[in-house]
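Summary of structural features
Okay, here's what each chain looks like letter by letter:
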Number of protein chains: 2
Amino acid sequence: MEFRLHERLAADTALVADWPLSRILLMNDARFPWLILVPRRAGANEVFDLDATDRVTLTDEICRAGKLLKALTGCAKINVAALGNAVPQLHVHVVARSPGDAAWPGPVWGSGQTVPYAPAARDEFLRRVVNGF
Amino acid sequence: MEFRLHERLAADTALVADWPLSRILLMNDARFPWLILVPRRAGANEVFDLDATDRVTLTDEICRAGKLLKALTGCAKINVAALGNAVPQLHVHVVARSPGDAAWPGPVWGSGQTVPYAPAARDEFLRRVVNGF
């Protein structure tokens, strides 16, 4: 079975890059600097569906994404989560959070209304993310 | 600096066990089967504050906790998250979720009012968790 990105994730994000294990996506919500990592493993819904090697790689990629967002934004905290109640395909949110943001100190999921990026702002953030790798 | 469990985590949970890296806690909220893993590393606030060896161990312990909760509850999905907006000490939530639970499909954090366990029910769940290890 071939990996195929879930259509809901595709609709909500812009492509950043493919890392060794994960497809890296930018969530289209200008309220929060927010990456989503999707391991390119067909049928994986839970972290424990990955084999031990992939789990190590995923953890490394989570750390890489978190350090990158922290460096780019100077945020107070990185939120990391694999939820999947709505989209079962395994995907990991890595979100830069700071006091005063639109959901602080609550979680970003289900909080208020998404604010899509203006295309120029999205492309500028994508450029900064890609250059930060 | 010695590891010391954050007082808010201590107040909200019951002790389950110490695993090789993490202190395992049961969240005192009968609405959700909910474990919290706290790596016993003083000063760690982010996953990337751990060294590579500890990160592997933490990921293994997350998988162990998730598989255990899934086996005990037959839940539809495991939610895994390291947030820390309120309590900066690194801690990882591992929560069993199913359609129809008190927050489904939203996140458990900040959702409604906590329902503390009756002591007998808490002890029964603790017994099942400990026996499941």
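Residues numbered from 1 in each chain as written. Chains lettered and ligands numbered in written order. Predicted model: local features only at pLDDT ≥ 70, side-chain atom pairs only at ≥ 80, totals over all residues. Heavy atoms only, no water.

**So, the sheet that holds strand β2 (residues 22-27) of chain B**
Strands in a sheet are paired, the pairing made by backbone hydrogen bonds, and the direction either parallel or antiparallel. As a reminder, the rule being used: Pairing between strands is defined by DSSP: at least two bridges between them are needed. Each helix is a run of H or I in the DSSP string that is no shorter than four residues. Each strand is a run of E no shorter than two, and both are numbered from the N terminus. For helices, the fitted line uses only the C-alpha atoms of the stretch in contact; every axis is such a line through C-alpha atoms, and the angle between N-to-C directions lies from 0 to 180 degrees. Throughout, a contact is declared for two residues whenever any of their heavy atoms are within 4.5 Å.
Read from one edge to the other, the open sheet built from 10 strands follows the order β1(A)-β2(A)-β3(A)-β5(A)-β4(A)-β4(B)-β5(B)-β3(B)-β2(B)-β1(B), with strand pairing classed as antiparallel. The sheet is open, and its two borders are formed by β1 (13-18) of chain A together with β1 (13-18) of chain B, each paired with just one other strand. Strand after strand, the sheet turns through a mean of 20° between neighbouring axes, direction not considered. Sheet analysis places strand β3 (residues 34-39) of chain B next to strand β5 (residues 92-97) of chain B, joined by 4 bridges and oriented antiparallel. Note that in β5(B) the partner of B:Leu37 across the bridge is B:Val92. Each of β2 (22-27), β3 (34-39), β4 (77-82) and β5 (92-97) of chain A is contacted by helix α2 (residues 52-73) of chain A, which is oriented at about 20° to β5(A), the strand it contacts most. Contacting β1, β2 and β3 of chain A, helix α3 (residues 119-132) of chain A crosses the sheet at an angle of about 20° to β1(A).

**What about the pattern of salt bridges?**
Applicable threshold: Just to be clear on terms, a salt bridge is a Lys or Arg side-chain nitrogen sitting within 4 Å of an Asp or Glu carboxyl oxygen. Only protein chains enter the accessibility calculation, which uses a 1.4 Å probe; a residue whose area is less than 20% of its type maximum is buried, one above 50% is exposed, and one in between is partly exposed.
Per the stated rule, a full pass over the model turns up 20 salt bridges over all chains. The partner of B:Asp29 in a salt bridge is B:Arg31, and the shortest N-O contact between them spans 2.7 Å. For B:Asp29, a relative accessible area of 1% corresponds to the buried category. Salt bridges sharing partners connect three or more residues here, namely A:Asp18, A:Arg23 and A:Arg40.

**Topic: the interface of chain A and chain B**
Test applied: Take the accessible area each of two parts loses on contact, using a 1.4 Å probe, and add the two losses: that sum is the buried area.
Taken residue by residue, the interface counts 29 residues in chain A and 29 residues in chain B. Summing both sides of the interface, chain A and chain B together bury roughly 2,500 Å²; the carbon and sulfur share of this comes to 60%. On the chain A side of the interface with chain B, the three residues burying the most area are A:Phe48, A:Lys77 and A:Asn85, jointly 27% of the side's total. The tally of links between chain A and chain B comes to 4 salt bridges. In this structure, B:Lys77 engages A:Glu46 in a salt bridge whose closest nitrogen and oxygen atoms are separated by 3.1 Å.

**Digging into the environment of B:Asp60**
Residues and elements named next belong to chain B. By the element assignment, Asp-60 lies in helix α2 (residues 52-73). Residue classification places Asp-60 among the partly exposed positions, given a relative accessible area of 37%. Residues Asp-60 and Arg-127, spaced 67 residues apart in sequence, show a C-alpha to C-alpha distance of 22 Å.

**Structural notes on the pairing of strand β4 (residues 77-82) of chain B**
Most of β4(B) is tucked away: 6 of the 6 residues are buried. By the alternation rule, side chains of β4(B) split into B:Lys77, B:Asn79 and B:Ala81 and B:Ile78, B:Val80 and B:Ala82, which are all buried.

**Topic: α2(A)**
Note the following rule: In a helix, the anticipated span is given by 1.5 Å times the number of residues less one.
Between its first and last C-alpha atoms α2(A) spans 32 Å; for 22 residues at 1.5 Å apiece the expected length is 32 Å, and the two agree. Those residues of α2(A) lying buried are A:Asp54, A:Arg55, A:Leu58, A:Thr59, A:Glu61, A:Ile62, A:Cys63, A:Ala65, A:Gly66, A:Leu68 and A:Leu69. For α2(A), the elements touching its buried residues are β2, β3, β4, β5 and α3 of chain A together with α2 of chain B.

**Quick notes on the packing of aromatic side chains**
Applicable threshold: A pair of aromatic rings is counted whenever rings of Phe, Tyr or Trp (Trp by its six-membered ring) have centres within 6.5 Å, and the orientation is called stacked for planes under 30 degrees apart, edge-to-face for over 60 and tilted otherwise. Criterion for a charge above a ring: Lys NZ or Arg CZ within 6 Å of the ring centre, and within 35 degrees of the ring normal.
In the structure shown here, the tally under the stated rule is 5 aromatic pairs over all chains. Here B:Tyr117 and B:Phe125 contribute two aromatic rings whose centre-to-centre distance is 6.4 Å and whose plane-to-plane angle is 20°, an arrangement assigned as stacked. Assessed through its relative accessible area of 8%, B:Phe125 is described here as buried. For the cation-ring pair, A:Arg64 lies above A:Trp19, with the distance from its terminal atom to the ring centre recorded as 3.8 Å.

**Comments concerning the relation of the copies chain A and chain B**
How we decide: A least-squares superposition brings the copies together, and it is based on the C-alpha atoms of residues with pLDDT no lower than 70 in both.
Taken as rigid bodies, chain A and chain B are interconverted by a rotation of 180° and an axial shift of 0.0 Å, the fit giving an RMSD of 0.0 Å. Expressed as an axis order, the relation between the two copies is that of a two-fold axis. No C-alpha of chain A approaches the rotation axis more nearly than that of A:Ala81, which lies at 2.0 Å. When the interface residues of chain A are mapped onto chain B, 100% of them are again interface residues, pointing to one common binding face.

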